[in-house]
Amino acid sequence: MDIKQLKFLIALDETRHFGQAAERCYVTQPTLSMRLRSLEEELGLELVRRGQRFEGFTEAGQRILAWARTLMAAHEGLYAEAAAYKGQLVGTLRLGIVPLASYDPMPLLHHLRQLHSNLRFQLSVLSTEHVLEQLASNQLDLGISYLSHLNDQMFESQSLTETRMGLLFDQRHFQFDEQELSWERVADLPLGLLTGGMHFRQSVDHGFRSRGLTPRPVLESDAVHLLLQAVNAGLCCAVMPLKGGFDALTEHSCLLPIQGGRALAPLGLIIRRTAPRLPVAEACFAEARLLYSSK
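Residues numbered from 1 in each chain as written. Predicted model: local features only at pLDDT ≥ 70, side-chain atom pairs only at ≥ 80, totals over all residues. Heavy atoms only, no water.

(A) Geometry of the UniProt feature "domain: HTH lysR-type" (unreviewed entry) in the protein chain. Mapped onto the present numbering, the UniProt feature "domain: HTH lysR-type" (unreviewed entry) falls at residues 1–58. A distance of 19 Å separates the end C-alpha atoms of residues 1–58, which is 60% helix and 12% strand. (UniProt positions renumbered as here; feature names shortened; annotations may be inferred. Helix = DSSP H or I, 4+ residues; strand = E, 2+ residues; numbered from the N terminus.)

This is the structure:
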């Protein structure tokens, strides 16, 4: 067994496709398949379900995959730890962020990059549930997510900001005289909303329900860019974070505050308490704590 076989296994899980996994790992597909079969023979286990194409992992494969991720993190951490000991911070920070977060992580990442020029960043947009799942399974190093029901024994967090809500609309299609809109006013409009189950949508639903309102959205989607396209086309308006920069997307975009509109929980930066924790993740978390603990 060698580290490349573990990389191949993880790449296959992330791409769900033999050809794409091979391309990501800069090898041919036959080479990748041969090395994975060699790993299966060494372990005496079937890890991958194969048909005409990739069909998923066996139960044993799922368990081995979890160990592969841990070993890869330890491998990368070893080199990162050695570099950190020499005063260098290197590696890739894997950051998961919830959709419609009202926090812009770029200033923090830019600051870290200025301090440590060899840093790289990998950003993923995920639901709160998936951010926590991937933090726990070492698929992410840090998460920016809502802090409701956070397990303090598993995760350490730093509160970042409160998320206030507004109504995003295109001024070519909608006009409002008010400077701030009531939930009652918003409920009567054609709305585009994130799909149910996502934290921001839950907060929107709470805003309506707490006032006895039942809106009927004309569009629901788990993709923010589709909601923005619908707003631009005049199909609907959308409830969005006030500080998300959505009003600057086009010259016709406008965002009005909603009275009492705020997410049920603050956004926070989250790191798991257990090892492995890469030096790059700990440095970023420490920097955020320094910046926001005094605010």
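And the narrative resumes.
(B) Expanded view of the domain arrangement of the protein chain. Once the domains are mapped, the protein chain shows domain 1 (1–64), domain 2 (88–159 + 265–291) and domain 3 (162–260). Centre-to-centre separation of domain 2 and domain 3, based on C-alpha positions: 27 Å. Residue-level contacts link nine residues of domain 2 with twelve residues of domain 3. In this assembly, domain 2 packs against domain 3 so that about 930 Å² is buried in total across both faces, 69% of it on carbon and sulfur atoms. The largest share of the area that domain 2 buries against domain 3 comes from Leu100, Ser102 and Tyr146, three residues that together contribute 65% of it. Along the contact surface separating domain 2 from domain 3 lie zero salt bridges. Counting across the domain 2 and domain 3 interface gives one residue pair in polar contact (both at pLDDT 80 or more). Of the residues that constitute the side of domain 2 that touches domain 3, the class distribution is five nonpolar, four polar and no charged. (Domains from an automatic or database assignment. Contact = heavy atoms within 4.5 Å. Buried area = accessible area lost by both parts, 1.4 Å probe. Salt bridge = Lys/Arg side-chain N within 4 Å of Asp/Glu carboxyl O. Polar contact = N/O pair within 3.5 Å; in protein donor to acceptor, adjacent residues only side chain to side chain. Nonpolar A, V, L, I, M, F, W, Y, C, P; charged D, E, K, R; others polar.)

(C) Quick peek at empty space enclosed by the protein. Applying the stated criterion to the full structure yields two cavities of 30 Å³ or more. By volume, the largest cavity amounts to about 40 Å³. Surrounding the largest cavity, Val98, Pro99, Leu126, Ser127, Thr128, Tyr146, Leu194, Met198, His199 and Phe200 form its lining. Taken together, the residues that form the lining of the largest cavity break down as seven nonpolar, three polar and no charged. Of the domains in this structure, domain 2 (88–159 + 265–291) and domain 3 (162–260) are the two that each give at least three residues to the lining of the largest cavity. (1 Å grid on protein atoms, 1.4 Å probe; cavity = no way out; pocket = protein on both sides within 12 Å on 5 of 7 lines; lining within 4 Å. Points joined across faces, edges and corners; volume = space filled by probe spheres on them.)

(D) A look at a nonpolar patch on the surface. On the surface, Met1, Leu43 and Leu45 cluster together into a nonpolar patch covering about 250 Å² of accessible area. Along the polypeptide, Leu45 turns up in the loop between helix H3 (29–43) and strand S1 (48–50). (Patch = residues over 30% accessible without salt bridge, like charges linked within 9 Å, V, L, I, M, F, W, Y side chains within 5 Å. Areas by Shrake-Rupley, 256 points an atom, 1.4 Å probe, with all protein chains shown as cover.)

(E) Inspection of the packing of aromatic side chains at higher detail. Scanning all chains against the criterion turns up four aromatic pairs. A ring pair is formed by Trp183 and Phe208, whose centres lie 4.8 Å apart and whose planes are at 75 degrees; its orientation type is edge-to-face. Here Trp183 is found in helix H7 (residues 183–187), whereas its partner Phe208 is found in helix H8 (residues 199–209), with 25 residues between them in sequence. What makes Trp183 buried here is its relative accessible area of 2%. Take Phe208: its relative accessible area is 1%, and that puts it in the buried class. Taken together, the ring pairs connect Phe18, Phe54 and Phe57 into an aromatic cluster. (Phe/Tyr/Trp six-rings, centres within 6.5 Å; stacked < 30°, edge-to-face > 60°. Buried < 20%, exposed > 50% of the residue type's maximum accessible area, 1.4 Å probe, protein only.)

(F) Here's a closer look at the packing of helix H1 (residues 3–15) against H3. Taken N-terminus to C-terminus, the directions of H1 and H3 make an angle of 110 degrees; their axes are 9 Å apart at the nearest point. It follows that H1 is roughly perpendicular to H3 by the angle criterion. Classified by chirality, the crossing of H3 by H1 is left-handed. Contact with H1, carried on its side by Gln5, Phe8, Leu9 and Leu12, involves Leu32, Arg35, Leu36, Ser38 and Leu39 of H3 and no other residues of that element. Per-class residue counts for the contact of H1 with H3 are six nonpolar, two polar and one charged. (Axes fitted to C-alpha atoms, helices over the stretch in contact; angles between N-to-C directions. Parallel < 35°, antiparallel > 145°, perpendicular 65-115°, else oblique. Left-handed = near helix turned anticlockwise from the far one by under 90°.)

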